[in-house]
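The primary structure of each chain is shown beneath.
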Amino acid sequence: MSMLSIENVTAGYVEEIDILRDVSLEVKEGAITGIIGANGAGKSTVLKTIFGFLHPRQGKIKFQGREIQNNLPYQMKEMGISYMLQEHSTFHDLSINDNLLLGAWTFRQDKKRVNRRMEEIYNFFPVLSERKAEKAGYLSGGLLRMLSVGKEIMSEPTLLMIDEPSVGLQPNIVTEIYDLLIKIAQQGTTILIVDQNIMKALEVSDYMYMLDMGEVKQGGPKEDFEEDIREMIKVSLMAE
Amino acid sequence: MSMGINFIYGIMKVINWSMGEFFMIGAFVQYILLTSFLGATYWYVGVVISALIVFFLGALVQRLLIKPMFVGIIEAKMEYATIVTIAMAIFLRNLAVLIGGPYIYTPPDYAGPTQILTLPISGNRLVALIGALFLLALFYYFIKKSWTGKAFQGVAQNRSGVQTAGVNVLKYDMLAFGIGTALAGAGGALLAPIFLVHPMCGLVPTVRGFEIIVIAGLGSIPGILVAGLTLGIAESLGSAFINPSFVDIYGFILLVIILSIKPYGLFGKAEREV
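Let us look at the structure shown here. These figures come from a predicted structure and were not determined experimentally.

A closer look at the overall build of chain B
Assigned secondary structure in chain B consists of 11 helices and two strands. Helices and strands in chain B line up, N terminus first, as α-α-α-α-β-β-α-α-α-α-α-α-α. With 274 residues in all, chain B has 49% of them scored as buried. Summarising the internal contacts of chain B: among those between residues at least 6 apart in sequence, 70% fall at separations of at least 24. Here chain B displays about 13,600 Å² of accessible surface, and carbon together with sulfur accounts for 73% of that area.

As structure tokens, this is what we get:
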């Protein structure tokens, strides 16, 4: 069943300049869907538009059957969508503990649930629990990324959107982050991932979409893609 | 006062130039409350009510005039806010002249002159000092310990990041503006017997407020305490040893000296681009 569907969406930041043109795609429940494409293809813009940072000029976005294209970010969060930004979504002057606590903002009244989730997240990321009181600003890039993931899954989202989880990280940490994502998916979270690292994205995804110049060039189950991958990599390398 | 300016800047990255006028409104409300309803003994109730009224007024102003520029993507927010808040300042000041006339009102004293050990001190100043310290402590505790305070810190540090956590930033912008102006209003009410109540009474505190912020460095709460004290000491020493007529100049001299040594202020951090 499709959890999220984008239907003929056109969107952009400045008037008369469309970053996304007539984009349609679908995210199936319980699967990992990957969006790939070159720099500037509009991958991040897709996520921003879904989360309500940007409202589409045309088209509809449906989440679990409800139209959400006019919602604001905090309403998306309340509906069960989490979004890990490409730039850090953490707070450098707050402790790791407070960073995670803010991830529990939507259910802050429910003390029991907050405490339970904190414990679960610390079990999931033992490294973070050792440094609870430290300010996030002192963490390395890899740990910050983990903290971001932790903060976003605090709320036990039904859909987790991730923007470029591998950018700027050394290869072994990229593998670590991807392993985490697979673990999160196995716990039943649907994931929509955007990555320039085509090989990694291909490895974990069940469904893939390829964006180019704000348009969907190709999309569907991963198997259909295997033959075109060589071509895709060539295209994306040439575009860079 | 400084706290208020600093807080609003921290959250919305906007400087509210009409803070002095909210200070003035706080002072006027306090004066009316004390002379017509409460009487001098309940001045502290008056401070709370004045702060509350200014809070709602500030939130309303934000809602009507400042919020529109945060919806959608508009460039040059800072310039827009500067013009709007300066216009607000002129409007409110003239409104005060229209309603209250160009007179100076003197509210009743909050407390008689007292003595700390061997130091005689005006009761009003002692009250203002204790009141300001109390407000600072309360504010500090609220920001550090409460959920709302954490959300405010989040908004100040990473606007997108706090939205992905599910915080409704537009609502918190309005609250921040209200709280910031309420701090100014409380200041106006507390200092009413010292600065007296008239349409221009917010001017000197605003200048002092900005001086303190620049000395402290934008965004630092403990810095405000230290800078406030330093400024006070510089002014007192200057008037005692040099000439009391130039009291407002000593602060600026201190400001220039500090800025030439530490351009970000005593506790300010260099802006970091990531």
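Comments concerning the pairing of strand β9 (residues 207-212) of chain A
Along any regular strand the residues' side chains alternate between the sheet's two faces. Residue and element names in this part refer to chain A. The sheet contact formed by strand β3 (residues 32-37) and β9 spans five bridges and is parallel. Within the sheet, the bridge partner assigned to T33 lies in β9 and is Y207. As paired strands, β9 and strand β10 (residues 215-221) are joined by six bridges and run antiparallel to one another. Bridge pairing in β10 places L211 opposite V216. Once β9 ends, the chain turns through two residues before running back antiparallel as β10, passing M213 with a positive phi of about 50°.

Here's the deal with the interface of chain A and chain B
On the chain B side, the residues contacting the 25 residues of chain A number 21 residues. Approximately 2,100 Å² of surface area, both sides summed, lies buried where chain A meets chain B, with 64% of it carried by carbon and sulfur atoms. Of all residues in chain A, the largest losses of buried area upon contact with chain B belong to A:Y74, A:F91 and A:W105, amounting jointly to 29% of the total for that side. One can count one salt bridge joining chain A with chain B. Of the charged contacts in the structure, one is a salt bridge between A:D98 and B:K150, with a shortest N-O distance of 3.7 Å. Across the chain A-chain B interface, the total number found is nine residue pairs in polar contact (both at pLDDT 80 or more). The set of elements that each furnish at least two residues to the side of chain A that touches chain B consists of α2 (73-79), α3 (96-103) and α6 (141-153) of chain A. Among the residues forming the side of chain A that touches chain B, the class breakdown is 14 nonpolar, five polar and six charged.

Thoughts on the packing of helix α2 (residues 19-38) of chain B against helix α3 (residues 43-66) of chain B
Residue and element names in this part refer to chain B. Between α2 and α3, the shortest axis-to-axis distance is 9 Å and the interhelical angle comes to 140°. For the element pair α2 / α3, the angle class is oblique. Crossing of α2 against α3: the hand is right-handed. Of the residues in α3, those in contact with F22, I25, G26, V29, Q30, L33, L34 and L38 of α2 are W43, V45, G46, V47, I49, S50, I53, V54, L57, G58 and V61.

Comments concerning the packing of aromatic side chains
Inspection of every chain in the model, using the stated rule, returns 15 aromatic pairs over all chains. Note on A:F51 and A:F53: the rings are 5.7 Å apart at their centroids and 40° apart in plane angle, and the pair reads as tilted. An aromatic cluster is defined as three or more aromatic residues linked by ring pairs; in this entry it consists of A:W105, B:F142, B:W147, B:F152 and B:Y172. Above the plane of the ring of A:Y122 lies A:K132, whose end atom (NZ or CZ) is 4.8 Å from the centre.

Side note on the sheet that holds β9(A)
Strand pairs in the sheet, formed through backbone hydrogen bonds, run parallel or antiparallel to each other. All names here are of chain A. One open sheet accounts for six strands, arranged β6-β7-β8-β3-β9-β10; its pairing is mixed. Because the sheet does not close on itself, it has two edges, and the strands there are β6 (81-84) and β10. On average, adjacent strands in this sheet sit at an angle of 15° to one another, irrespective of strand direction. Where strand β7 (residues 159-163) and strand β8 (residues 190-194) come together, five bridges link them in parallel fashion. Paired with I162 across the strands is I193, a residue of β8. The strands touched by helix α7 (residues 171-186) within the sheet are β3, β7 and β8, with β8 carrying the most contacts at an inclination of about 150°.

Describing the packing of α3(A) against helix α6 (residues 147-157) of chain B
One can describe the packing of α3(A) onto α6(B) by two numbers: an axis separation of 11 Å at closest approach and a directional angle of 100°. Here α3(A) lies roughly perpendicular to α6(B), going by the angle between them. Across the interface between the two elements, A:D98, A:L101 and A:L102 of α3(A) pack against B:W147, B:K150, B:A151 and B:G154 of α6(B). Residues of the contact of α3(A) with α6(B), tallied by class, amount to four nonpolar, one polar and two charged.

Thoughts on the pairing of β6(A)
All names here are of chain A. Covered by surrounding structure in β6 are I81 and Y83 together with S82 and M84, the residues of both alternating faces. For β6 and β7, the ladder comprises four bridges, and the chain directions are parallel. What sits directly across from M84, in β7, is I162.

Comments concerning unusual backbone geometry
Residue and element names in this part refer to chain A. Its identity as a non-glycine residue notwithstanding, N8 has a phi of 50°, on the positive side. The partly exposed category is assigned to N8, whose relative accessible area is 41%. With a phi close to 45°, E156 is a non-glycine residue in the positive phi region. If you trace the backbone, E156 turns up in the loop between α6 and β7.

Some words on the pattern of salt bridges
All names here are of chain A. Counted by the stated rule, this structure contains 18 salt bridges over all chains. Salt-bridge contacts for K62 lead to E7; the nearest nitrogen and oxygen are separated by 3.8 Å. Of this pair, K62 sits in strand β4 (residues 58-63) while E7 is found in strand β1 (residues 2-11), placing the two residues 55 residues apart along the sequence. On the basis of relative accessibility, which here comes to 28%, the residue E7 falls in the partly exposed class. For D93, the salt bridge is made with K135, and the minimal N-O distance between the two is 3.6 Å. Remark: K135 occurs in the loop between α5 (126-130) and α6 and D93 occurs in the loop between β6 and α3; sequence separation between them is 42 residues.

Re the sheet that holds β4(A)
All names here are of chain A. If you walk across this open sheet you meet the four strands as β2-β1-β4-β5, and the pairing is antiparallel. At either margin of the open sheet sits one strand with a lone partner, and together these are β2 (20-28) and β5 (66-67). Two elements, β1 and β2, share six bridges in a ladder whose sense is antiparallel. Looking across to β2, one finds that A11 is bridged to L20.

Cut-offs applied
- Residues numbered from 1 in each chain as written.
- Chains lettered and ligands numbered in written order.
- Predicted model: local features only at pLDDT ≥ 70, side-chain atom pairs only at ≥ 80, totals over all residues.
- Heavy atoms only, no water.
- Helix = DSSP H or I, 4+ residues; strand = E, 2+ residues; numbered from the N terminus.
- Buried < 20%, exposed > 50% of the residue type's maximum accessible area, 1.4 Å probe, protein only.
- Contact = heavy atoms within 4.5 Å.
- Areas by Shrake-Rupley, 256 points an atom, 1.4 Å probe, with all protein chains shown as cover.
- Pairing = 2+ DSSP bridges.
- Buried area = accessible area lost by both parts, 1.4 Å probe.
- Salt bridge = Lys/Arg side-chain N within 4 Å of Asp/Glu carboxyl O.
- Polar contact = N/O pair within 3.5 Å; in protein donor to acceptor, adjacent residues only side chain to side chain.
- Nonpolar A, V, L, I, M, F, W, Y, C, P; charged D, E, K, R; others polar.
- Axes fitted to C-alpha atoms, helices over the stretch in contact; angles between N-to-C directions.
- Parallel < 35°, antiparallel > 145°, perpendicular 65-115°, else oblique.
- Left-handed = near helix turned anticlockwise from the far one by under 90°.
- Phe/Tyr/Trp six-rings, centres within 6.5 Å; stacked < 30°, edge-to-face > 60°.
- Lys NZ or Arg CZ within 6 Å of the ring centre and 35° of its normal.

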